[in-house]
Amino acid sequence: MKNRFRTIKAMAAVMGISALLHAVPAQADSIHVAKEGNTYFSLSKQYGVGVNQLMSANPGVAALNIYAGLEIKIPGRMNAKSVAAEEVRNENTDTVTASLNVEPNTSTVEAWGKVFNYNNTLQVKASAYSSAASENGKWGPVDYFGDPLKLGTIAVDPSVIPLGTKVLVTGHSHPGLPKLAFVAIAKDMGSAIKGNRIDIFIPGSQSFVADFGYQYVQLYVLD
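Below or above, wherever it landed, is the structure these notes cover. Numbers given for residues are sequential positions, taken from 1 along each chain in its written order. Local features in this predicted model are restricted to residues whose pLDDT is 70 or higher, and side-chain atom pairs enter the listing and the counts only when it is 80 or higher, whereas totals over whole chains, interfaces and linings include all residues. Where side-chain values are given, they derive from all heavy atoms of the structure, hydrogens and water being excluded.

**Section: the nonpolar core**
One finds Leu 168, Val 169, Ile 198, Ile 200 and Leu 219 to be the most contacted residues of the largest nonpolar core, which totals 45 residues. The contact criterion used throughout is that any non-hydrogen atoms of two residues lie within 4.5 Å. Among residues more than four places away in sequence, those in contact with Ile 200 are Ala 126, Ser 127, Ala 128, Tyr 129, Thr 153, Ile 154, Val 169, Leu 177, Phe 182 and Phe 212. The set of buried Ala, Val, Leu, Ile, Met, Phe, Trp, Tyr and Cys residues whose side-chain atoms join them within 4.5 Å is what this entry labels a nonpolar core. A 1.4 Å probe rolled over the protein chains alone gives each residue an accessible area, and that area as a share of the maximum for its type sets the label: buried under 20%, exposed over 50%, partly exposed in between. Within the second largest apolar cluster, five residues are counted, among which are Tyr 129, Leu 149, Ile 193 and Phe 201.

**Topic: unusual backbone geometry**
Backbone geometry at Ser 107 places phi at a positive 50 degrees, although glycine is not the residue there. Helix and strand definitions here come from DSSP, where helices need a minimum of 4 consecutive H or I residues and strands a minimum of 2 consecutive E residues; each element is numbered from the N-terminal end. By the element assignment, Ser 107 lies in the loop between β3 (100-103) and β4 (108-111). Non-glycine residue Leu 180 carries a positive phi angle of around 70 degrees. As for its placement among the helices and strands, Leu 180 is situated in the loop between β7 (166-170) and β8 (181-188). Looking at Leu 180, the relative accessible area reads 38%, which means it is partly exposed.

**Things to note about the environment of Ile 193**
Counting through the fold element by element, Ile 193 comes out in the loop between β8 and β9 (197-201). Along the sequence, Ile 193 and Asp 157 sit 36 residues apart, while their C-alpha atoms lie 5.8 Å from each other. With residues near it in sequence (within four places) discarded, Ile 193 still touches Ser 127, Ala 155, Val 156, Asp 157, Ile 198 and Asp 199.

**Here's the deal with the pairing of strand β6 (residues 153-156)**
Two faces make up the sheet, and in a regular strand the side chains alternate between them. Burial along β6 is two-sided: Thr 153 and Ala 155 facing one way and Ile 154 and Val 156 facing the other are all buried. If DSSP finds at least two bridges between two strands, the strands pair. As paired strands, β6 and β8 are joined by three bridges and run parallel to one another. Looking across to β8, one finds that Thr 153 is bridged to Ile 185. Two elements, β6 and β9, share three bridges in a ladder whose sense is antiparallel. Counterpart to Ile 154 in the pairing with β9 is Ile 200.

**Observations concerning the pattern of salt bridges**
Salt bridges, as used here, are contacts in which a Lys or Arg side-chain nitrogen is within 4 Å of a carboxyl oxygen on Asp or Glu. All chains considered together, the criterion is met by two salt bridges. Taking the shortest distance from any N to any O, the salt bridge between Asp 143 and Lys 187 comes out at 3.3 Å. Here Asp 143 is found in the loop between β5 (114-129) and β6, whereas its partner Lys 187 is found in strand β8, with 44 residues between them in sequence. We note that Asp 143, like Lys 187, is buried. The residue Lys 187 makes a salt bridge to Asp 147 at a minimum N-O spacing of 2.9 Å. In this pair, Lys 187 is assigned in strand β8 and Asp 147 in the loop between β5 and β6, connecting sequence segments 40 residues apart. Taking relative accessible area as the criterion, Asp 147 reaches 33% and is therefore assigned partly exposed. Salt bridges here are not isolated pairs; linked through shared partners, they connect Asp 143, Asp 147 and Lys 187.

This is the structure we're talking about:
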């Protein structure tokens, strides 16, 4: 009886995969929920899509700021067989969800399943800016070092947060930013950013970014 039951289950699984193969368009775009350690290169190998294609399909996701739980668009080179195989592999895999746990005794903070060491904390007043010409002056949408603005770029007062400092930003709320926490690097300055202030670059239209308003956020200065 048990052997018969296993046979029926196996047939059902095969039929389910077959149905999935027929149901998923071979050239359809798909969404990959990032796992810890994912990079554009690893996703390129997994899905058979060029790295440049992946980056072009995800202009708001910087290569160095991919976190577990982020949604990555996979452009339409993925075939149905890959989709089916991935669904089967992930059927019993635990999903990494947004999380934030601070351990002051050990000066560590856990975000998205990754543990960071920090040496200082700051509460700052945050605003946000876009790549609009009116917000970036004659130099255009680049940071202080001349690099293109990207998610994870923040403008700071260097007398408070030195340029190049890496921080974990928490306590924010905006659909253009990862939930709960994200890593940012102080790579820009602004005439209005003085004292305990930061300006967060968010990809998107000027009106979309303006919805951020002003928020008080907590920074963990990372080692």
